[in-house]
Amino acid sequence: MGADLGLRETPGRQAGRRRPGRPQLIRIATITVLLLFVLFGFPQLLSLYYIDTMTQVAVYSMVTLALGVLVGRVGLVSLGQIAVLAIGAWVAARLLFATTQPYPVVLLEAGLITMAAGVVIGLPALRLRGLYLALITLMFAGAITVVLATLNFPNGGHGFTGYNGSLVHIPPIRRPAIAGGDPAYFRYAVIVAILMFALVLAHTKTKPGRAWAAIRQSEPAALAAGINTTLYKLWAFALASFITGVAGGVLAGAVHYLYSIGFPTQDSITLLAVTLMGGVYSLWGAVVAALLYQFLPALLNNWGVSADWLIILFGLGVLQVLTTAPAGLADQVPRDLARLGRRLRRSAS
Amino acid sequence: MPPWSDFEPFIVSGLALGGVYALSGVGLVVLYRATGVLYLAFGAVGAMGALTAWSLGQAGAPGWLTWLVCIAVAAAITLAYGVLFGPALAKRDPLVKAVATIGLTLILYGLMDLLWTTSGGEARSLTLPSDNGGFSVGQIQVNWTQVIALAAGVVLTVGTGLFLRYTKLGTAMRAMANDREITATLGVPVRRVEAAAWLGCGVLAGIAGVLLADLVALDATTLTFLVISSLAAVLIARLRSITITFVAAIVIGLLHDLLTPITSLTNYRDMTPFVLAAAALLVMPRSQVMAQSREEA
């Protein structure tokens, strides 16, 4: 009965084992090699266009990761995650113009301030469940769009807003000293993303993760088992806001210039669509979702195909995921491939 | 604070807007009560209908035909979605059903952007003949479209209330709102009743599409997301009472437009639905919300 998407989780790999077994070691090794390839191979192999695209993928993988935690782990649906990203980007941009603090400190501050904002919004909404939370976050996204349109993103002006409409030479938002160029900034973004994934992993493998699982199954039952449901729901909300805020900070440096039209309400909806399509029950899902959200449009743009087709595809994808493939592409594709492999082997023998 | 006379024209436009929000809200509540689906694509199907009507108008079709087509398109898409995906998702959580309608919203949104691309800078408009006539109350000019919008809100709210209370189909819908399984056991053709609810909701979406395209703007994004205002009204009514939905919708429409002349707030007037809905949720006692969530699940 929970606010869970009403789905079974894929049977978990044996968790909690002390000494990693052989398959697990192989897994860790594969992931390490993959990450090293992404960090050092991509900047060599890809053109500048795709390096920029992959930086965006790294940024949005954090956003989809945060949304995945809310939807998949706790069973809360947020339709306003792009608005939270905009808050993070705004705060980071303001701090980067106003201070000379090192970039990681700014990222941390952007995350924490966004987290505070998320908690303030989440607190009233978390008394409610499911549908109400989704609706209020959708309205929140609309409201933030309105505020941003009036407030504008900081462009090096003075005052609280840091916006000066009459500025002719707008200075770019600065990047960290060690990552000024695009390939270097790509690596920087990937490393920040890895840290965020590790942060989520640390949560899901420990007490909060178990509490979230209980809440997702049934909130009254979790309450009866002595879990402080409000605390843990708020915790999830705070964690998701923190990660999204950090992502906003990385985004600010990646694009150099931020505009309020870059964070429309409909993007929050599209984001939920790709997160569901990628799969909310595994961390890989977040990466798949970010690829769908940022890489595919860049690819289609390169081929001269309208991005509208993609929006239609995402719409179909949501319907498909909800009716037949609850665990998303990250789960479905390997399973389908395995099934195909078995069938091929059978027909060969 | 500007003088009162500055506010006067906005009372009329606010009431008209509130009327359309009310009829949208009533459509949403009835569908939710009958099928458990909160139809987030309500605005998108209305926009689809309105844009189709515009294209027909450009091709030289008479006005009345285009409005009917708008309503027919919205109703057809809604009914098709309901018949295709309603049964597949019938036993799922209300949240899943609502998120599924986001899928439909995205499909329609992409299609509209593809077929009636906005990048050309082409300004479209859908005008009703009732825009030209009107009367004045004191200093305030009122045109017939505004009267029609408010009247449609009132008539449809009252009409739906009576329909649910006194007709056989309405009784069946109320029964399904309580328990789908038991209603089916009692011999009510559940699927047919649901289809009727989908059709009715689609017709209302089409009517709202025509009126909003005239009163606000004929633009896919605007029309798709105007549903947020109706959703706020529905949320304040806790997805339940059509009377509260009506009152909340009128208040949202009125407040939104009355903020226009106030210079310091005019840019923020689009936040009205969010602020009102958030305030309503804050005063809503937790026990009630929890009890209702349990009932919904």
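Everything here concerns the structure above.
Predicted, not measured: the structure shown is a model, and the values here were computed from it.

What counts, and at which threshold
- Residues numbered from 1 in each chain as written.
- Chains lettered and ligands numbered in written order.
- Predicted model: local features only at pLDDT ≥ 70, side-chain atom pairs only at ≥ 80, totals over all residues.
- Helix = DSSP H or I, 4+ residues; strand = E, 2+ residues; numbered from the N terminus.
- Rg over C-alpha atoms; globule rule 2.2 N^0.38 Å.
- Buried ≥ 20, exposed ≤ 12 C-beta atoms within 10 Å, placed from the backbone.
- Contact = placed C-beta atoms within 7 Å.
- Axes fitted to C-alpha atoms, helices over the stretch in contact; angles between N-to-C directions.
- Parallel < 35°, antiparallel > 145°, perpendicular 65-115°, else oblique.
- Left-handed = near helix turned anticlockwise from the far one by under 90°.
- Nonpolar A, V, L, I, M, F, W, Y, C, P; charged D, E, K, R; others polar.
- Core = buried A, V, L, I, M, F, W, Y, C linked by C-beta atoms within 7 Å.
- Pairing = 2+ DSSP bridges.
- Expected span 1.5 Å × (residues − 1).
- Bend = angle between axes of the 7 residues up to and from the residue.

A. Region of interest: the overall build of chain A. Looking only at helices and strands, one finds 13 helices and zero strands in chain A. Listed by position from the N terminus, the elements making up chain A come as α-α-α-α-α-α-α-α-α-α-α-α-α. For a compact globule of 349 residues, the expected C-alpha radius of gyration is about 20 Å, and chain A comes in at 21 Å, within 12% of that figure. Expressed along its principal axes, the backbone C-alpha trace of chain A runs to roughly 70 × 50 × 45 Å. For chain A, buried positions account for 48% of its 349 residues. Sequence separation of at least 24 residues holds for 77% of the intrachain contacts in chain A that already meet a minimum separation of 6.

B. Just the packing of helix α3 (residues 81-98) of chain A against helix α9 (residues 229-255) of chain A, in detail. Residue and element names in this part refer to chain A. At a minimum axis distance of 7 Å, the contact between α3 and α9 shows a crossing angle of 55°. The angle between α3 and α9 falls in the class oblique. As α3 runs across α9, the sense of the crossing is right-handed. For the pair α3 and α9, contact is made by Q81, V84, L85, A86, I87, G88, A89, V91, A92, A93 and L96 and by S241, T244, G245, V246, A247, G248, G249, L251 and A252, respectively.

C. Representation of the interface of chain B and chain A within the structure. Each partner contributes residues to the interface: chain B has 43 residues there, and chain A has 40 residues. Contributions of two or more residues to the side of chain B that touches chain A are made by α3 (63-89), α4 (94-115), α9 (220-225), α10 (227-236), α12 (272-283) and α13 (286-296) of chain B. Counting residues per element, the side of chain B that touches chain A draws most heavily on α4 of chain B, at 17 residues. Class assignment of the residues belonging to the side of chain B that touches chain A gives a composition of 32 nonpolar, six polar and five charged.

D. Structural view of the nonpolar core. Core analysis: the largest hydrophobic core is formed by 212 residues, its most contacted members being A189 and V318 of chain A together with A232 of chain B. No other element matches the 15 residues that helix α2 (residues 48-74) of chain A contributes to this core. Leaving out residues up to four positions away in the same chain, A189 of chain A has contacts with T55, A58, V59, V250 and A254 of chain A.

E. Region of interest: the pairing of strand β1 (residues 134-137) of chain B. All names here are of chain B. Pairing of β1 with strand β2 (residues 140-143), which is carried by four bridges, proceeds in the antiparallel orientation. Pairing of F135 across the sheet is with V142, part of β2. What sits between the antiparallel neighbours β1 and β2 is a turn of two residues, in which G138 has the positive phi angle 60°.

F. Molecular detail of α2 of chain A. Residues and elements named next belong to chain A. Between its terminal C-alpha atoms α2 stretches 38 Å, which fits the 39 Å expected from 27 residues at 1.5 Å a residue. Helix geometry: α2 is bent most strongly at G68, by close to 30°. Of the residues flanking the end of α2, it is G75, one or two places downstream, whose phi is positive at about 85°.

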